[in-house]
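Chain residues, written in single-letter form:
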Amino acid sequence: MVEQGIMELVISMEKPFAIKMNPTTLTDVIGQSHLLGKGKILTNMVQKKKLFSMILYGKPGIGKTSIANAIVHDLDVRYRFLNATIDKKKEFDTVVEEAKMYGGIVLIMDEIHRLNKDKQDLLLPQLESGLITLIGMTTSNPYHAINPAIRSRCQLFELHELTEEEILIGLRRALLHPDLKGIKITDEVLTYIAKLSGSDLRYAYNLLEIGYYAAEKQNVTIDVIKNINNKPAFFHDKDADGYYDVLSALQKSIRGSDVDASLHYLGRLIIAGDLDSIYRRLSVIAYEDIGLANPSMGPKVRAAIETCELVGLPEARISLATLVVEMALSPKSNTAHIALDKALTDIETGRCDGIPNHIKNGSPDYKYPHDYKGAYVPQQYLPDNLKNKRYYQPKDLGYEVNLKQVYDKLHPKKPTSDS
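Let me begin by describing the structure that accompanies this report. (Residues numbered from 1 in each chain as written. Predicted model: local features only at pLDDT ≥ 70, side-chain atom pairs only at ≥ 80, totals over all residues. Heavy atoms only, no water.)

Notes on the overall build of the protein
Okay, step 1: Each helix and strand counted, the protein has 19 helices and seven strands in total.
Okay, step 2: For the protein, whose C-alpha radius of gyration is 27 Å, the value lies well above the compact-globule estimate of 22 Å for 419 residues.
Okay, step 3: Projected onto the principal axes, the alpha-carbon positions of the protein cover approximately 90 × 60 × 45 Å.
Okay, step 4: Here the analysis covers contacts within the protein between residues at least 6 apart in sequence; of these, 73% occur between residues at least 24 apart.
Okay, step 5: Roughly 23500 Å² of accessible area belongs to the protein as shown, and the carbon and sulfur atoms make up 54% of that amount.
Okay, step 6: Of the charged side chains in the protein, 52 are positive and 53 negative, and the gap between their average positions amounts to 5 Å. (Helix = DSSP H or I, 4+ residues; strand = E, 2+ residues; numbered from the N terminus. Rg over C-alpha atoms; globule rule 2.2 N^0.38 Å. Contact = heavy atoms within 4.5 Å. Areas by Shrake-Rupley, 256 points an atom, 1.4 Å probe, with all protein chains shown as cover. Lys, Arg positive; Asp, Glu negative; His and termini not counted. Charge placed at Lys NZ, Arg CZ, Asp CG, Glu CD.)

Written as C-alpha coordinates, this is what we have:
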(Lines give C-alpha, C1' and ligand atoms only; values in the text may rest on other atoms or scores of the structure.)
Protein backbone atom coordinates (compact mmCIF):
# COMPACT_ATOMS: atom_id res chain seq x y z
CA MET A 1 0.00 0.00 0.00
CA VAL A 2 2.86 2.37 0.83
CA GLU A 3 4.53 1.64 -2.54
CA GLN A 4 1.25 2.31 -4.34
CA GLY A 5 0.91 5.66 -2.53
CA ILE A 6 4.44 6.67 -3.52
CA MET A 7 3.79 5.71 -7.14
CA GLU A 8 0.58 7.79 -7.23
CA LEU A 9 2.49 10.76 -5.78
CA VAL A 10 5.22 10.46 -8.44
CA ILE A 11 2.64 10.33 -11.23
CA SER A 12 0.74 13.32 -9.87
CA MET A 13 3.95 15.37 -9.63
CA GLU A 14 5.00 14.71 -13.23
CA LYS A 15 5.16 17.97 -15.16
CA PRO A 16 3.04 18.22 -18.32
CA PHE A 17 5.10 17.74 -21.44
CA ALA A 18 4.17 21.21 -22.72
CA ILE A 19 5.77 22.74 -19.62
CA LYS A 20 8.92 20.70 -20.15
CA MET A 21 9.10 22.19 -23.64
CA ASN A 22 9.02 25.76 -22.32
CA PRO A 23 12.07 27.67 -23.63
CA THR A 24 14.49 29.13 -21.09
CA THR A 25 15.90 31.73 -23.46
CA LEU A 26 14.33 34.12 -25.94
CA THR A 27 16.29 32.62 -28.82
CA ASP A 28 14.33 29.37 -28.35
CA VAL A 29 10.89 31.01 -28.39
CA ILE A 30 8.91 30.03 -31.50
CA GLY A 31 7.18 32.73 -33.52
CA GLN A 32 6.55 36.39 -32.56
CA SER A 33 9.17 37.64 -35.00
CA HIS A 34 7.75 41.17 -34.68
CA LEU A 35 9.01 41.24 -31.07
CA LEU A 36 11.91 38.77 -31.07
CA GLY A 37 15.06 38.47 -33.13
CA LYS A 38 17.82 40.75 -34.31
CA GLY A 39 16.92 44.40 -33.82
CA LYS A 40 13.49 43.63 -32.29
CA ILE A 41 12.30 45.31 -29.11
CA LEU A 42 12.22 42.45 -26.59
CA THR A 43 15.50 40.98 -27.80
CA ASN A 44 17.17 44.40 -27.63
CA MET A 45 15.77 44.94 -24.15
CA VAL A 46 17.30 41.70 -22.86
CA GLN A 47 20.62 42.35 -24.59
CA LYS A 48 20.79 45.76 -22.90
CA LYS A 49 19.87 44.22 -19.51
CA LYS A 50 16.83 46.49 -19.24
CA LEU A 51 13.37 45.43 -18.14
CA PHE A 52 10.16 47.45 -17.87
CA SER A 53 6.59 46.52 -16.96
CA MET A 54 4.63 45.04 -19.82
CA ILE A 55 1.46 43.17 -20.69
CA LEU A 56 1.58 40.34 -23.22
CA TYR A 57 -1.79 39.56 -24.77
CA GLY A 58 -3.09 37.11 -27.35
CA LYS A 59 -4.72 33.74 -27.82
CA PRO A 60 -3.83 30.72 -25.61
CA GLY A 61 -0.75 28.68 -26.42
CA ILE A 62 1.09 31.22 -28.59
CA GLY A 63 3.97 32.05 -26.26
CA LYS A 64 3.00 34.53 -23.54
CA THR A 65 4.28 32.39 -20.67
CA SER A 66 7.27 31.24 -22.71
CA ILE A 67 8.38 34.81 -23.38
CA ALA A 68 7.89 35.87 -19.75
CA ASN A 69 9.91 32.91 -18.45
CA ALA A 70 12.63 33.38 -21.06
CA ILE A 71 13.04 37.06 -20.21
CA VAL A 72 13.59 36.47 -16.48
CA HIS A 73 15.96 33.58 -17.16
CA ASP A 74 17.96 35.53 -19.73
CA LEU A 75 18.25 38.47 -17.34
CA ASP A 76 18.83 36.20 -14.32
CA VAL A 77 16.55 38.28 -12.09
CA ARG A 78 14.56 37.40 -9.01
CA TYR A 79 10.92 36.70 -9.97
CA ARG A 80 7.66 35.24 -8.74
CA PHE A 81 4.71 33.83 -10.67
CA LEU A 82 1.13 34.56 -9.58
CA ASN A 83 -2.32 34.07 -11.06
CA ALA A 84 -4.68 37.03 -10.57
CA THR A 85 -7.66 34.70 -10.24
CA ILE A 86 -6.33 31.89 -8.04
CA ASP A 87 -3.78 33.54 -5.75
CA LYS A 88 -5.04 35.37 -2.67
CA LYS A 89 -4.10 38.82 -1.47
CA LYS A 90 -1.67 37.35 1.05
CA GLU A 91 0.42 35.91 -1.81
CA PHE A 92 0.57 39.39 -3.31
CA ASP A 93 1.56 40.78 0.10
CA THR A 94 4.41 38.28 0.22
CA VAL A 95 5.68 39.39 -3.19
CA VAL A 96 5.64 43.04 -2.07
CA GLU A 97 7.58 42.21 1.10
CA GLU A 98 10.10 40.15 -0.87
CA ALA A 99 10.52 43.06 -3.31
CA LYS A 100 11.24 45.40 -0.39
CA MET A 101 13.69 42.92 1.10
CA TYR A 102 15.70 42.45 -2.09
CA GLY A 103 15.27 45.90 -3.58
CA GLY A 104 13.06 44.75 -6.42
CA ILE A 105 11.40 41.75 -8.04
CA VAL A 106 9.76 40.76 -11.32
CA LEU A 107 6.16 39.63 -10.94
CA ILE A 108 4.86 37.41 -13.74
CA MET A 109 1.08 37.45 -13.51
CA ASP A 110 -1.34 35.31 -15.49
CA GLU A 111 -4.98 36.29 -16.04
CA ILE A 112 -4.10 39.90 -15.23
CA HIS A 113 -7.46 41.10 -16.56
CA ARG A 114 -9.04 39.47 -13.50
CA LEU A 115 -7.01 41.45 -10.99
CA ASN A 116 -9.43 42.81 -8.37
CA LYS A 117 -9.33 46.26 -6.75
CA ASP A 118 -7.64 45.16 -3.49
CA LYS A 119 -4.73 43.60 -5.36
CA GLN A 120 -4.52 46.57 -7.73
CA ASP A 121 -4.33 49.01 -4.82
CA LEU A 122 -1.54 46.92 -3.34
CA LEU A 123 0.50 46.74 -6.53
CA LEU A 124 0.07 50.21 -8.02
CA PRO A 125 2.44 52.08 -5.64
CA GLN A 126 5.10 49.39 -6.15
CA LEU A 127 4.77 49.62 -9.93
CA GLU A 128 4.94 53.39 -9.70
CA SER A 129 8.14 53.26 -7.66
CA GLY A 130 9.69 50.54 -9.80
CA LEU A 131 10.01 48.17 -6.83
CA ILE A 132 7.94 45.62 -8.76
CA THR A 133 8.33 45.09 -12.50
CA LEU A 134 5.23 43.46 -13.89
CA ILE A 135 4.94 41.04 -16.79
CA GLY A 136 1.21 40.51 -17.16
CA MET A 137 -0.41 37.97 -19.44
CA THR A 138 -3.95 37.82 -20.73
CA THR A 139 -6.05 36.41 -23.55
CA SER A 140 -8.34 39.46 -23.34
CA ASN A 141 -7.96 42.80 -25.08
CA PRO A 142 -6.09 44.92 -22.48
CA TYR A 143 -7.60 48.13 -23.84
CA HIS A 144 -11.01 46.90 -22.70
CA ALA A 145 -10.35 44.39 -19.94
CA ILE A 146 -7.50 45.82 -17.84
CA ASN A 147 -7.78 48.65 -15.35
CA PRO A 148 -6.43 51.87 -16.94
CA ALA A 149 -4.25 52.57 -13.91
CA ILE A 150 -2.42 49.26 -14.43
CA ARG A 151 -2.42 49.62 -18.19
CA SER A 152 -0.88 53.09 -18.15
CA ARG A 153 2.12 51.78 -16.23
CA CYS A 154 2.85 49.00 -18.73
CA GLN A 155 3.88 48.62 -22.33
CA LEU A 156 1.37 46.53 -24.27
CA PHE A 157 2.58 43.85 -26.67
CA GLU A 158 0.19 41.83 -28.80
CA LEU A 159 1.34 38.32 -29.66
CA HIS A 160 0.39 36.99 -33.08
CA GLU A 161 -1.12 33.59 -33.69
CA LEU A 162 1.41 30.96 -34.67
CA THR A 163 1.45 29.72 -38.25
CA GLU A 164 1.25 26.07 -39.18
CA GLU A 165 4.95 26.18 -40.07
CA GLU A 166 5.82 27.57 -36.62
CA ILE A 167 3.75 24.85 -34.91
CA LEU A 168 5.66 22.28 -36.96
CA ILE A 169 8.97 23.75 -35.77
CA GLY A 170 7.84 23.17 -32.20
CA LEU A 171 6.60 19.63 -32.90
CA ARG A 172 9.85 18.63 -34.61
CA ARG A 173 11.78 20.05 -31.69
CA ALA A 174 9.60 17.99 -29.34
CA LEU A 175 10.56 14.76 -31.12
CA LEU A 176 14.09 15.19 -29.72
CA HIS A 177 12.89 15.28 -26.12
CA PRO A 178 13.79 12.16 -24.06
CA ASP A 179 10.16 11.79 -22.95
CA LEU A 180 9.29 10.82 -26.53
CA LYS A 181 12.15 8.39 -26.99
CA GLY A 182 11.51 5.91 -29.81
CA ILE A 183 8.53 7.79 -31.26
CA LYS A 184 7.62 6.91 -34.86
CA ILE A 185 5.70 9.61 -36.70
CA THR A 186 5.56 10.92 -40.26
CA ASP A 187 5.54 14.50 -41.52
CA GLU A 188 1.93 13.94 -42.61
CA VAL A 189 0.87 13.20 -39.04
CA LEU A 190 2.84 16.14 -37.66
CA THR A 191 1.11 18.40 -40.19
CA TYR A 192 -2.27 16.97 -39.18
CA ILE A 193 -1.54 17.76 -35.52
CA ALA A 194 -0.46 21.28 -36.49
CA LYS A 195 -3.73 21.81 -38.35
CA LEU A 196 -5.77 20.59 -35.40
CA SER A 197 -3.93 22.84 -32.97
CA GLY A 198 -5.51 26.06 -34.22
CA SER A 199 -2.22 27.95 -33.61
CA ASP A 200 -2.04 26.68 -30.00
CA LEU A 201 1.44 25.18 -29.55
CA ARG A 202 0.63 23.95 -26.05
CA TYR A 203 -2.30 21.97 -27.43
CA ALA A 204 -0.11 20.55 -30.20
CA TYR A 205 2.45 19.37 -27.63
CA ASN A 206 -0.27 17.76 -25.52
CA LEU A 207 -1.76 15.99 -28.51
CA LEU A 208 1.64 14.68 -29.55
CA GLU A 209 2.38 13.41 -26.03
CA ILE A 210 -0.98 11.65 -25.67
CA GLY A 211 -0.52 10.13 -29.12
CA TYR A 212 2.88 8.79 -28.07
CA TYR A 213 1.44 6.98 -25.04
CA ALA A 214 -1.73 5.87 -26.81
CA ALA A 215 0.01 4.34 -29.83
CA GLU A 216 1.21 0.76 -30.14
CA LYS A 217 5.02 0.63 -30.12
CA GLN A 218 5.07 4.45 -30.15
CA ASN A 219 3.89 4.46 -33.78
CA VAL A 220 1.73 7.61 -33.91
CA THR A 221 -0.57 7.55 -36.93
CA ILE A 222 -3.39 9.81 -38.08
CA ASP A 223 -5.89 7.20 -36.83
CA VAL A 224 -4.32 7.39 -33.36
CA ILE A 225 -4.68 11.19 -33.37
CA LYS A 226 -8.25 10.96 -34.68
CA ASN A 227 -9.14 8.63 -31.81
CA ILE A 228 -7.86 11.28 -29.39
CA ASN A 229 -9.34 14.28 -31.19
CA ASN A 230 -12.14 13.48 -33.62
CA LYS A 231 -12.65 17.04 -34.82
CA PRO A 232 -11.95 17.09 -38.55
CA ALA A 233 -9.19 19.38 -39.69
CA PHE A 234 -10.90 20.29 -42.96
CA PHE A 235 -11.12 23.95 -42.05
CA HIS A 236 -7.49 23.85 -43.17
CA ASP A 237 -8.11 21.99 -46.41
CA LYS A 238 -5.70 20.04 -48.57
CA ASP A 239 -5.02 23.13 -50.68
CA ALA A 240 -3.55 24.74 -47.54
CA ASP A 241 -6.32 27.29 -47.08
CA GLY A 242 -5.61 28.87 -43.72
CA TYR A 243 -7.89 29.23 -40.76
CA TYR A 244 -8.22 32.94 -41.42
CA ASP A 245 -9.40 32.12 -44.92
CA VAL A 246 -12.43 30.41 -43.40
CA LEU A 247 -13.21 33.47 -41.30
CA SER A 248 -12.70 35.65 -44.37
CA ALA A 249 -14.99 33.40 -46.41
CA LEU A 250 -17.69 33.69 -43.75
CA GLN A 251 -17.53 37.48 -43.82
CA LYS A 252 -17.45 37.71 -47.61
CA SER A 253 -20.40 35.32 -47.89
CA ILE A 254 -22.49 37.37 -45.47
CA ARG A 255 -21.41 40.59 -47.19
CA GLY A 256 -22.39 39.02 -50.53
CA SER A 257 -25.82 37.99 -49.15
CA ASP A 258 -25.18 34.28 -49.91
CA VAL A 259 -26.97 32.69 -46.99
CA ASP A 260 -26.06 29.10 -47.93
CA ALA A 261 -22.33 29.81 -48.19
CA SER A 262 -22.55 31.78 -44.93
CA LEU A 263 -24.03 28.76 -43.14
CA HIS A 264 -21.40 26.46 -44.68
CA TYR A 265 -18.46 28.48 -43.34
CA LEU A 266 -20.22 28.99 -40.02
CA GLY A 267 -20.49 25.20 -39.83
CA ARG A 268 -16.75 24.78 -40.39
CA LEU A 269 -15.99 27.15 -37.55
CA ILE A 270 -18.50 25.50 -35.23
CA ILE A 271 -16.94 22.09 -35.84
CA ALA A 272 -13.57 23.63 -35.09
CA GLY A 273 -15.13 24.69 -31.77
CA ASP A 274 -13.79 28.24 -31.94
CA LEU A 275 -16.76 30.26 -30.72
CA ASP A 276 -14.62 33.25 -29.75
CA SER A 277 -13.47 33.79 -33.34
CA ILE A 278 -17.06 33.48 -34.57
CA TYR A 279 -18.21 36.07 -32.03
CA ARG A 280 -15.51 38.55 -32.96
CA ARG A 281 -16.04 38.19 -36.70
CA LEU A 282 -19.84 38.49 -36.53
CA SER A 283 -19.47 41.58 -34.32
CA VAL A 284 -17.22 43.16 -36.96
CA ILE A 285 -19.60 42.26 -39.79
CA ALA A 286 -22.57 43.80 -37.99
CA TYR A 287 -20.91 47.22 -38.15
CA GLU A 288 -18.52 46.95 -41.09
CA ASP A 289 -20.87 45.41 -43.65
CA ILE A 290 -24.44 45.86 -42.39
CA GLY A 291 -24.00 49.10 -40.51
CA LEU A 292 -26.62 51.80 -40.89
CA ALA A 293 -28.71 49.75 -43.31
CA ASN A 294 -29.83 47.72 -40.30
CA PRO A 295 -28.42 49.27 -37.09
CA SER A 296 -30.35 46.84 -34.89
CA MET A 297 -27.97 44.10 -35.99
CA GLY A 298 -25.19 45.10 -33.58
CA PRO A 299 -27.36 44.61 -30.45
CA LYS A 300 -28.76 41.40 -31.97
CA VAL A 301 -25.26 40.00 -32.37
CA ARG A 302 -24.47 40.87 -28.78
CA ALA A 303 -27.67 39.21 -27.55
CA ALA A 304 -26.92 36.08 -29.57
CA ILE A 305 -23.38 35.91 -28.14
CA GLU A 306 -24.76 36.12 -24.60
CA THR A 307 -27.20 33.30 -25.38
CA CYS A 308 -24.42 31.16 -26.85
CA GLU A 309 -22.26 31.73 -23.76
CA LEU A 310 -25.18 30.73 -21.57
CA VAL A 311 -26.08 27.48 -23.34
CA GLY A 312 -22.76 26.48 -24.96
CA LEU A 313 -22.38 23.99 -27.79
CA PRO A 314 -24.19 22.17 -29.34
CA GLU A 315 -27.21 24.40 -28.61
CA ALA A 316 -25.25 27.57 -29.42
CA ARG A 317 -25.36 26.57 -33.09
CA ILE A 318 -29.12 27.34 -33.12
CA SER A 319 -28.66 30.97 -32.11
CA LEU A 320 -25.72 31.37 -34.48
CA ALA A 321 -27.62 29.89 -37.43
CA THR A 322 -30.58 32.20 -36.83
CA LEU A 323 -28.29 35.19 -36.57
CA VAL A 324 -26.19 34.39 -39.66
CA VAL A 325 -29.24 33.83 -41.86
CA GLU A 326 -30.60 37.26 -40.90
CA MET A 327 -27.19 38.91 -41.36
CA ALA A 328 -26.74 37.41 -44.81
CA LEU A 329 -30.19 38.54 -45.96
CA SER A 330 -30.02 41.96 -44.29
CA PRO A 331 -29.48 45.13 -46.38
CA LYS A 332 -25.83 46.20 -46.32
CA SER A 333 -24.07 49.53 -45.83
CA ASN A 334 -20.47 50.50 -45.14
CA THR A 335 -21.03 54.25 -45.31
CA ALA A 336 -20.33 55.08 -41.65
CA HIS A 337 -16.82 53.68 -41.36
CA ILE A 338 -15.92 54.78 -44.89
CA ALA A 339 -16.92 58.33 -43.90
CA LEU A 340 -14.81 58.12 -40.73
CA ASP A 341 -11.81 56.82 -42.67
CA LYS A 342 -12.02 59.88 -44.96
CA ALA A 343 -12.14 62.17 -41.92
CA LEU A 344 -9.15 60.37 -40.38
CA THR A 345 -7.19 60.81 -43.59
CA ASP A 346 -7.80 64.57 -43.51
CA ILE A 347 -6.72 64.75 -39.86
CA GLU A 348 -3.62 62.56 -40.26
CA THR A 349 -2.44 64.49 -43.30
CA GLY A 350 -2.90 67.83 -41.54
CA ARG A 351 -5.62 69.03 -43.89
CA CYS A 352 -7.73 70.76 -41.26
CA ASP A 353 -7.77 74.26 -39.77
CA GLY A 354 -8.64 75.16 -36.19
CA ILE A 355 -12.08 74.74 -34.64
CA PRO A 356 -14.48 77.57 -35.57
CA ASN A 357 -14.59 80.20 -32.79
CA HIS A 358 -18.36 80.06 -32.33
CA ILE A 359 -18.33 76.38 -31.27
CA LYS A 360 -15.35 76.64 -28.92
CA ASN A 361 -16.06 76.14 -25.24
CA GLY A 362 -17.90 79.08 -23.70
CA SER A 363 -18.36 81.05 -26.94
CA PRO A 364 -21.24 83.61 -26.73
CA ASP A 365 -21.82 83.28 -30.48
CA TYR A 366 -22.85 79.63 -30.30
CA LYS A 367 -26.44 78.94 -31.37
CA TYR A 368 -28.05 76.33 -29.11
CA PRO A 369 -30.08 74.04 -31.44
CA HIS A 370 -32.72 73.22 -28.81
CA ASP A 371 -33.76 76.86 -28.78
CA TYR A 372 -34.88 76.61 -32.42
CA LYS A 373 -37.77 74.95 -34.19
CA GLY A 374 -37.08 71.26 -34.85
CA ALA A 375 -34.01 71.49 -32.58
CA TYR A 376 -31.96 72.57 -35.59
CA VAL A 377 -30.28 75.79 -36.69
CA PRO A 378 -27.81 76.12 -39.58
CA GLN A 379 -24.30 76.99 -38.47
CA GLN A 380 -20.77 75.95 -39.40
CA TYR A 381 -19.19 73.12 -37.43
CA LEU A 382 -16.31 71.93 -39.64
CA PRO A 383 -13.05 73.94 -39.87
CA ASP A 384 -13.04 76.70 -42.50
CA ASN A 385 -11.05 74.79 -45.10
CA LEU A 386 -13.36 71.77 -44.79
CA LYS A 387 -16.69 73.53 -44.29
CA ASN A 388 -18.21 72.03 -47.46
CA LYS A 389 -16.64 68.60 -47.01
CA ARG A 390 -19.03 65.69 -47.37
CA TYR A 391 -17.62 62.57 -45.75
CA TYR A 392 -20.88 60.69 -45.34
CA GLN A 393 -22.48 59.35 -48.53
CA PRO A 394 -25.72 57.62 -47.43
CA LYS A 395 -27.14 54.68 -49.34
CA ASP A 396 -30.73 54.41 -50.49
CA LEU A 397 -31.15 51.08 -48.73
CA GLY A 398 -32.79 49.64 -45.62
CA TYR A 399 -33.04 51.83 -42.55
CA GLU A 400 -30.41 54.16 -44.01
CA VAL A 401 -33.07 55.52 -46.38
CA ASN A 402 -34.45 57.41 -43.35
CA LEU A 403 -31.02 58.81 -42.49
CA LYS A 404 -30.46 59.86 -46.10
CA GLN A 405 -33.72 61.82 -46.13
CA VAL A 406 -32.71 63.68 -42.97
CA TYR A 407 -29.17 64.31 -44.23
CA ASP A 408 -30.32 65.62 -47.62
CA LYS A 409 -32.86 67.90 -45.94
CA LEU A 410 -30.33 69.37 -43.49
CA HIS A 411 -27.46 69.69 -46.00
CA PRO A 412 -29.04 70.40 -49.40
CA LYS A 413 -26.15 72.56 -50.57
CA LYS A 414 -23.31 70.15 -49.76
CA PRO A 415 -21.69 68.72 -52.89
CA THR A 416 -22.07 64.99 -53.46
CA SER A 417 -18.42 64.66 -54.46
CA ASP A 418 -15.52 64.00 -52.09
CA SER A 419 -14.15 67.54 -52.46
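A few points about helix 6 (residues 117-129)
Okay, step 1: Look at helix 6: 19 Å from first C-alpha to last across 13 residues, which is about the 18 Å you get at 1.5 Å a residue.
Okay, step 2: Along helix 6, the sharpest kink reaches roughly 30°, centred on Leu123 and followed within four residues by the proline Pro125.
Okay, step 3: All of the buried residues along helix 6 are Lys119, Gln120, Leu122, Leu123, Leu124, Gln126 and Leu127.
Okay, step 4: Elements that come into contact with the buried residues of helix 6 comprise helix 5 (89-102), strand 3 (105-110), strand 4 (132-138) and helix 8 (148-151).
Okay, step 5: With a side-chain oxygen positioned 3.3 Å from the backbone nitrogen of Asp118, the residue opening helix 6 is Asn116.
Okay, step 6: Positive phi shows up at Gly130, right after helix 6, with a value of about 85°. (Expected span 1.5 Å × (residues − 1). Bend = angle between axes of the 7 residues up to and from the residue. Buried < 20%, exposed > 50% of the residue type's maximum accessible area, 1.4 Å probe, protein only. Polar contact = N/O pair within 3.5 Å; in protein donor to acceptor, adjacent residues only side chain to side chain.)

Examining the nonpolar core
Okay, step 1: Core analysis: the biggest nonpolar cluster contains 51 residues, and Ile71 and Leu171 have the highest contact counts within it.
Okay, step 2: Those residues in contact with Leu171, other than ones at most four positions away along the chain, are Leu190, Ile193, Ala194, Ala204, Tyr205 and Leu208. (Core = buried A, V, L, I, M, F, W, Y, C linked by side-chain atoms within 4.5 Å.)

Some words on the packing of aromatic side chains
Okay, step 1: Following the criterion strictly, the structure yields four aromatic pairs and no others.
Okay, step 2: Where Tyr212 meets Tyr213, the ring centres are 4.9 Å apart and the plane angle is 85°; that geometry is what we call edge-to-face.
Okay, step 3: An angle of 85° between the planes, with centres 5.4 Å apart, marks the rings of Tyr392 and Tyr407 as edge-to-face. Of this pair, Tyr392 sits in the loop between helix 18 (335-348) and helix 19 (400-410) while Tyr407 sits in helix 19; the two residues are 15 residues apart in sequence, bridging distant segments of the chain. The same class applies to Tyr392 as to Tyr407, namely buried.
Okay, step 4: A cation over a ring is seen here: Arg78 above Tyr102, with NZ or CZ 3.6 Å from the ring centre. (Phe/Tyr/Trp six-rings, centres within 6.5 Å; stacked < 30°, edge-to-face > 60°. Lys NZ or Arg CZ within 6 Å of the ring centre and 35° of its normal.)

Honestly, that's just the spatial picture; any functional story needs more than this.
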